[in-house]
Protein chains: 2
Amino acid sequence: MTKTYRVAILGATGAVGAELLDLLASRNFPVADLKLLASSRSAGRSLQFQGEKIEVESVNDRSFSNIDIVLASAGGSISKAWAAKAVADGAVVIDNSSAFRMEPHVPLVVPEVNPQAAASHQGIIANPNCTTILMSVAVWPLHQVKRVQRIVVATYQSASGAGARAMEEVKIQAQAILNGETPTAEILPYPLAFNLFPHNSPLNELGYCEEEMKMVNETRKIFNDQSIRVTATCVRVPVLRAHSEAINLEFETPMSVQEAKEILNKAPGVQIVEDWKANHFPMPIEATGRDPVLVGRIRQDISHSHSLELWLCGDQIRKGAALNAVQIAELLIEKDWLQPPTSGYQQPVTIVKS
Amino acid sequence: MTKTYRVAILGATGAVGAELLDLLASRNFPVADLKLLASSRSAGRSLQFQGEKIEVESVNDRSFSNIDIVLASAGGSISKAWAAKAVADGAVVIDNSSAFRMEPHVPLVVPEVNPQAAASHQGIIANPNCTTILMSVAVWPLHQVKRVQRIVVATYQSASGAGARAMEEVKIQAQAILNGETPTAEILPYPLAFNLFPHNSPLNELGYCEEEMKMVNETRKIFNDQSIRVTATCVRVPVLRAHSEAINLEFETPMSVQEAKEILNKAPGVQIVEDWKANHFPMPIEATGRDPVLVGRIRQDISHSHSLELWLCGDQIRKGAALNAVQIAELLIEKDWLQPPTSGYQQPVTIVKS
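Residues numbered from 1 in each chain as written. Chains lettered and ligands numbered in written order. Predicted model: local features only at pLDDT ≥ 70, side-chain atom pairs only at ≥ 80, totals over all residues. Heavy atoms only, no water.

As recorded in an unreviewed UniProt entry, chain A goes by Aspartate-semialdehyde dehydrogenase and comes from Gloeocapsopsis dulcis AAB1 = 1H9. The UniProt entry for chain A carries this comment under Catalytic activity (unreviewed entry): "L-aspartate 4-semialdehyde + phosphate + NADP(+) = 4-phospho-L-aspartate + NADPH + H(+)". Looking at chain A in UniProt, the text filed under Sequence similarities (unreviewed entry) is "Belongs to the aspartate-semialdehyde dehydrogenase family." (UniProt positions renumbered as here; feature names shortened; annotations may be inferred.)

**Q** Honestly, the sheet that holds strand β8 (residues 148-156) of chain A in this entry has me stumped. Any pointers?
**A** Consider a sheet: its strands pair through backbone hydrogen bonds, and that pairing is either parallel or antiparallel. Residue and element names in this part refer to chain A. Taken in spatial order, the 6 strands line up as β10-β8-β12-β15-β14-β13 in an open sheet, and their pairing is mixed. Each end of this open sheet is capped by a strand with a single partner; those strands are β10 (229-233) and β13 (270-272). Neighbour-to-neighbour, the strand axes of the sheet open up by a mean angle of 25 degrees, direction not taken into account. Bridging between strand β14 (residues 293-300) and strand β15 (residues 307-315) involves 5 bridges; their strand directions are antiparallel. (Pairing = 2+ DSSP bridges. Helix = DSSP H or I, 4+ residues; strand = E, 2+ residues; numbered from the N terminus. Axes fitted to C-alpha atoms, helices over the stretch in contact; angles between N-to-C directions.)

**Q** Where do I start with helix α3 (residues 130-145) of chain A in this structure?
**A** Working note: α-helix, 3.6 residues per turn, so residues spaced by three or four point in the same direction. All names here are of chain A. End to end, α3 covers 24 Å across 16 residues, agreeing with the expected 22 Å (1.5 Å per residue, within 8%). The sharpest bend along α3 reaches about 35 degrees and sits at Val139, with the proline Pro141 one to four residues further on. The buried fraction of α3 is high, at 14 of 16 residues. (Expected span 1.5 Å × (residues − 1). Bend = angle between axes of the 7 residues up to and from the residue. Buried < 20%, exposed > 50% of the residue type's maximum accessible area, 1.4 Å probe, protein only.)

**Q** Just to check I follow, could you spell out the packing of helix α3 (residues 130-145) of chain B against helix α6 (residues 257-266) of chain B for this structure?
**A** For any two helices packed against each other, one specifies the crossing angle of their axes together with the interaxial distance. All names here are of chain B. Interaxial distance between α3 and α6 falls to 9 Å at its minimum, and their mutual angle equals 120 degrees. Put simply, α3 runs oblique to α6. Every pair of crossing elements has a handedness; the one defined by α3 and α6 is right-handed. Only Glu259, Ala260, Ile263 and Leu264 of α6 make contact with α3, whose side of the interface consists of Ala138, Pro141, Leu142 and Val145. For the contact of α3 with α6, the class distribution of residues is 7 nonpolar, no polar and 1 charged. (Parallel < 35°, antiparallel > 145°, perpendicular 65-115°, else oblique. Left-handed = near helix turned anticlockwise from the far one by under 90°. Contact = heavy atoms within 4.5 Å. Nonpolar A, V, L, I, M, F, W, Y, C, P; charged D, E, K, R; others polar.)

**Q** What is the right way to look at the domain arrangement of chain A in this model?
**A** Size of an interface, as often reported, equals the accessible area lost when the parts are brought together. All names here are of chain A. Looking at the assigned domains, one finds that chain A contains domain 1 (5-127 + 320-334) and domain 2 (131-317). The distance between the C-alpha centroids of domain 1 and domain 2 comes to 25 Å. Between domain 1 and domain 2, the residue contacts involve 21 residues of the former and 19 residues of the latter. Here domain 1 meets domain 2 over a buried area of about 1800 Å², counting both sides, of which 63% is carbon and sulfur. (Domains from an automatic or database assignment. Buried area = accessible area lost by both parts, 1.4 Å probe.)

**Q** Explain the interface of chain B and chain A here, please?
**A** Chain B puts 62 residues into the contact, and the matching count from chain A is 62 residues. Taking both partners together, chain B and chain A bury about 5100 Å²; carbon and sulfur atoms supply 63% of that area. Counting across the chain B and chain A interface gives 6 salt bridges. Arg297 of chain B is the salt-bridge partner of Glu212 of chain A, the closest N and O atoms lying 2.5 Å from each other. (Salt bridge = Lys/Arg side-chain N within 4 Å of Asp/Glu carboxyl O.)

**Q** Looking at this structure, how should I read the state of the cysteines?
**A** Covalent bonding between the sulfur atoms of two cysteines is what defines a disulfide. Residue and element names in this part refer to chain B. Going through the model one piece at a time under the given rule, you end up with 0 disulfides over all chains. There is no disulfide at Cys130, and the cysteine sulfur nearest it, in Cys234, is 8.7 Å away. The exposure class of Cys130 is buried, given its relative accessible area of 10%. Take Cys234: it sits in no disulfide, and the sulfur closest to it among the cysteines is that of Cys209, at 5.3 Å. (Disulfide = S-S within 2.5 Å.)

**Q** Just checking my understanding: could you explain the UniProt feature "binding site: NADP(+)" (unreviewed entry) in chain A for this structure?
**A** Residues and elements named next belong to chain A. Feature annotation in UniProt places "binding site: NADP(+)" (unreviewed entry) on Thr13, Gly14, Ala15, Val16, Arg41, Ser42, Ser160, Gly161 and Gln316, given in this structure's numbering. With a sequence span of 304 residues, these residues are also far apart in the fold, their greatest C-alpha distance being 25.2 Å. Take Gly14: it is sitting in the loop between β1 (5-10) and α1 (15-26). Taking the relative accessible area as the measure of exposure, Gly14 reaches 29% and is therefore partly exposed. Relative to the helices and strands, Gln316 is located in the loop between β15 and α8 (318-334). Not counting residues up to four positions away in its chain, the partners in contact with Gln316 are Cys130, Ser158, Ser160, Gly161, Arg241, Ala242, His243 and Ala321.

**Q** Any chance you could explain the sheet that holds strand β5 (residues 69-72) of chain A here in plain terms?
**A** Residues and elements named next belong to chain A. Pairing is mixed in the open sheet, where 7 strands are placed in the order β3-β4-β2-β1-β5-β6-β7. In this open sheet, the two strands that pair with only one neighbour each are β3 (46-49) and β7 (124-126). Averaged over all pairs of adjacent strands, the angle between strand axes in this sheet comes to 25 degrees, irrespective of strand direction. For β5 and strand β6 (residues 92-95), the ladder comprises 4 bridges, and the chain directions are parallel. In the sheet register, Leu71 faces β6, and the bridge partner there is Ile94. Along the sheet, α8 makes contact with β1, β5, β6 and β7, crossing β6 at roughly 150 degrees.

**Q** Sorry, what's going on with the relation of the copies chain B and chain A here?
**A** The operation relating the pair of chain copies consists of a rotation about an axis and a translation along that axis. The transform that puts chain B on chain A rotates by 180 degrees and translates by 0.0 Å along the axis, for an RMSD of 0.0 Å. Taken together, these values place the two copies in the relation of a two-fold axis. A shared binding surface is used by both copies, with 100% of the interface residues of chain B retained as interface residues in chain A. (Least-squares fit on C-alpha atoms with pLDDT ≥ 70 in both.)

Set out below in structure tokens:
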């Protein structure tokens, strides 16, 4: 008989929460019992799981007793408030927020890239930023064969990255514009329909926004390579839920297009989408609702002998968030790494700013 | 008394044609007489110019007698068919298509960058590709102070680049999606609303599309610098009429952010849009209908000591096409370079493929 686990979803009513429910069911995750947690605002609602209605509970001090795995996706402040309690109660927390990602003792895991990092968890494992997950799945297998020394990336990030309400807002804005009205923006900082803007996360003193620095710092941590140089321009575009990225990779020694394609063809989590005759390459609408990172337009950079260009799309809610978290949970089960941490989660002395 | 000129717009009923009409009026271009030319399909329609109705004529053998300046924006095949005739009849053709851009004896002109190139025209002057115009206006002033040796650019190109019917189509697609229907694509290769895709121009054997190679080759010709290395990823996004570009500039020697800002602050055709506190930078909706190229997020590339990152938006129909053409016409008048060519336009022996 398969062993089963008591799972809690913290942030069950959000866009990622809905996808987590879907994935636990469709992947036949060995769920013994599922607890749905959210803020008091959402408590009392019911969500479907495998044909059963489960009531959403307001998260509280008793929420995590008798829970093995918490899949947390309710934002950084909620994770900060509850993760230590969940760990103290014996659960492992797989956290989708940025709260713990850069803490030295918290593994930052993409199962296709650095599964072994999960082994040394102390109760919390962090799910990386969505754009970073997608990029790392495509770049890591190449980096294993010939070292990538520099990445220049420009992103095309969907509304879903700003949550379910942003996805709704961009549709309302689009309808307003089609009606000849002036769109308003409440969740998003500016109208996004038929528009785009640099990612609006806080800017650092160098002019990089938080989202961009996540791509820089999280890639280094996931790859366990502090010397890899990354620069990113992150842009929000009027797409609903899949992110795209134009990636320029500079290798230490030249990597041929043929070699890169052979590597990516065998790479876990990657699907090459290249129909050169039909001019058909990865598109957000074709990545939406799907697991793999779609990669295409792999070509020799004509401006640099050691560089390749590539283009990718991936579902932001799925591999960029929920799927990666579920894969981490599956990894812990498969490797028998789900043991309660020996010392429990400890507040770090310093938090490395991302 | 100001001298006036007999102007013909070839392709008057397109998106760029409409903007040309607007600009000739709003800039008080010294028009003696305006002839509107289009295919027989559009002939007979009337367009407004300075309060007067002008009938659109079908282009024919007699269209260019008594014309000083032809502003051509009807596509490459129409330009190829009629430009030589117009020049033989004594007109100067400012051509917005890609038909003649890479021919060695045809100047490729951005008035803020290489106005002097226009002096040596032989009847035809080419207007560069829209993305190239926008990039060159921002990069040229920096390149003048410290040589740019490599450009890595990713574009976010609006529907207008595919014409007025593509702009209409993306709105129809958006409405279909909002109605829960499946969008169709006739002008564009794929649904663009709430989606995006790599630019669908023909691909070369290296995997670069025509649009990308225009950015490579036209930048070299405009800058008169065959050694500048450029790589581009061109992407069509669901924006109506302004293009955006994420540009990584590698200089021969380091250029500080402060120096770059001082240079761009004084650069013709550039407006810096940077409100770091409000996280407000160039956006397509704020570039739409405006003349300058909006530049922002100028920052030191943290992955390369000699590189800067910047972000720009510019109206694709305006500075990316119609405005640049009108500025070339104004330049020819101002410099008295409008003389009939000495030898007339000659079919080139070889056409450099763009």
